[in-house]
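Architecture at a glance
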Amino acid sequence: MLTAKQRELLLFIHEKIKETGVSPSFDEMKDALNLASKSGIHRLITALEERGFIRRLAHRARALEVLKLPESATATAPPRGRQAFRPSLVGRPAADGKRSIPVLGRIAAGVPIEAIENETGRVTPPDDVDDIEDCFALQVRGDSMINAGILEDDLVILKRTDTASTGDIVVALIDEEEATLKRLRKKGASVALEAANPEYETRIFGPDRVRIQGKLIALVRRYD
């Protein structure tokens with residue numbers, strides 16, 4: 001699942017490559033999305049790369065390759081304008097009993113959310129999770145946390161909180177637009193969001209750009 005801006009940029013890159021044979025420049029992308037600076041484009045490209053929609057080709061100028069498009073994509077780019085994001089549905093059966101907690105969508109271990117509020121299912125947490133008040137679950141997309149034992153399609157159980165310590169795995173909301181599952185590192189006044197996969201870079205932000213929404217406390221894995 002992509003934010004409106006991520007989807008808009010992906011389709012713009014795709015159309016530009018089809019027309020010219022090369023990916024657009026950062027200035028062209030910035031103008032197309034009506035963004036004030038190229039730093040916003042860099043964040044969008046990083047998010048698309050983490051989600052497996054594009055890849056950067058080494059040692060080539062303007063080297064972006066579109067690997068896939070959203071399922072609902074059409075041949076033309078979507079209309080301009082900011083749209084509210086809502087989590088996609090998670091294909092999990094509802095759990096019975098008082099110990100079930102809500103599944104609230106998908107999160108990229110490397111999906112953007114505007115708010116974690118839409119319940120799409122329920123799951124029973126592990127027995128060692130005693131206090132389930134204010135807990136919620138998200139289904140993992142991507143592989144940026146594989147070395148922390150978090151795999152694609154795992155359900156991560158999180159406790160709602162706006163604080164966390166260095167080393168905690170958290171859902172962090174970046175610039176009130178993009179949320180990601182990463183390990184938190186505090187470096188002076190800066191906040192680093194660290195992947196558990198050497199293929200992904202650590203992203204560093206000012207403290208006013210990152211808001212913690214939950215802290216990982218357990219994980220549920222389904223074996224088919």
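Residue positions within a chain follow its written sequence, with the count starting from 1. For this predicted model, a pLDDT threshold of at least 70 governs which residues receive local features, and a threshold of 80 or more governs which side-chain atom pairs are given and counted, while totals over whole chains, interfaces and linings are taken from all residues. Heavy atoms throughout the structure, all of them, feed into the side-chain values; hydrogens and water do not.

Points about helix H3 (residues 38–50)
Rule in force here: Under the DSSP-based scheme used, a helix requires at least four consecutive residues in state H or I and a strand at least two consecutive residues in state E, with every element numbered from the N terminus. By this rule the span expected of a helix is its residue count minus one, scaled by 1.5 Å. Think of it in three bands: with a 1.4 Å probe and only protein chains considered, a residue is buried below 20% of the maximum accessible area for its type, exposed above 50%, and partly exposed in between. The contact definition used throughout considers only heavy atoms, calling two residues in contact when any of these lie within 4.5 Å.
Compared with an ideal rise of 1.5 Å per residue, which puts 13 residues at 18 Å, H3 spans 19 Å between its outermost C-alpha atoms and is within 8% of the ideal. Among the residues of H3, those classed as buried are Gly-40, Ile-41, Leu-44, Ile-45, Thr-46, Ala-47, Leu-48 and Glu-50. Along its buried surface, H3 packs onto helix H1 (4–20), helix H2 (26–32), strand S1 (54–56), strand S2 (64–66), strand S8 (178–187) and strand S10 (203–205). The positive-phi residue at the C-terminal boundary of H3 is Gly-52, with phi of around 80 degrees.

Describing the side chain of Arg-203
Mapping Arg-203 onto the fold places it in strand S10. The class of Arg-203 is buried, set by a relative accessible area of 8%. Excluding residues that lie within four positions of it along the chain, Arg-203 makes contacts with Arg-43, Thr-46, Glu-50, Ile-174, Glu-178, Val-191, Ala-192 and Leu-193.

Here we look at the sheet that holds S10
Stated formally: Pairing between strands is defined by DSSP: at least two bridges between the two strands are required. Between the N-to-C directions of two axes lies an angle of 0 to 180 degrees, each axis being a line fitted to C-alpha atoms and, for a helix, fitted only over the stretch in contact.
Pairing in this open sheet of 9 strands is mixed, and the strands run S4-S3-S5-S6-S11-S7-S8-S9-S10 from one edge to the other. Lying at the two open borders of the sheet, with one neighbouring strand each, are strand S4 (121–123) and S10. Ignoring which end each strand starts from, the neighbouring axes of this sheet average 45 degrees apart. Direction of pairing for strand S6 (residues 155–160) relative to strand S11 (residues 210–220): antiparallel, over a ladder of 6 bridges. Residue pairing in the sheet places Ile-157 in a bridge with Ala-218 of S11.

Notes on the pattern of salt bridges
Applicable threshold: The working definition used for a salt bridge is a side-chain nitrogen of Lys or Arg within 4 Å of a carboxyl oxygen of Asp or Glu.
All told, the structure shown has 13 salt bridges when counted by the stated rule. Put simply, Asp-31 and Lys-30 hold a salt bridge, and the shortest N to O gap is 3.4 Å. Judged by its relative accessible area of 17%, Lys-30 falls in the buried class. With its nearest N and O atoms 2.6 Å apart, the salt bridge here joins Glu-65 to Arg-55. Placement of the pair is Glu-65 in strand S2 and Arg-55 in strand S1, with a sequence separation of 10 residues.

Some thoughts on the pairing of S6
Two elements, strand S5 (residues 135–141) and S6, share 5 bridges in a ladder whose sense is antiparallel. Residue pairing across strands places Phe-136 opposite Leu-158, the latter belonging to S6.

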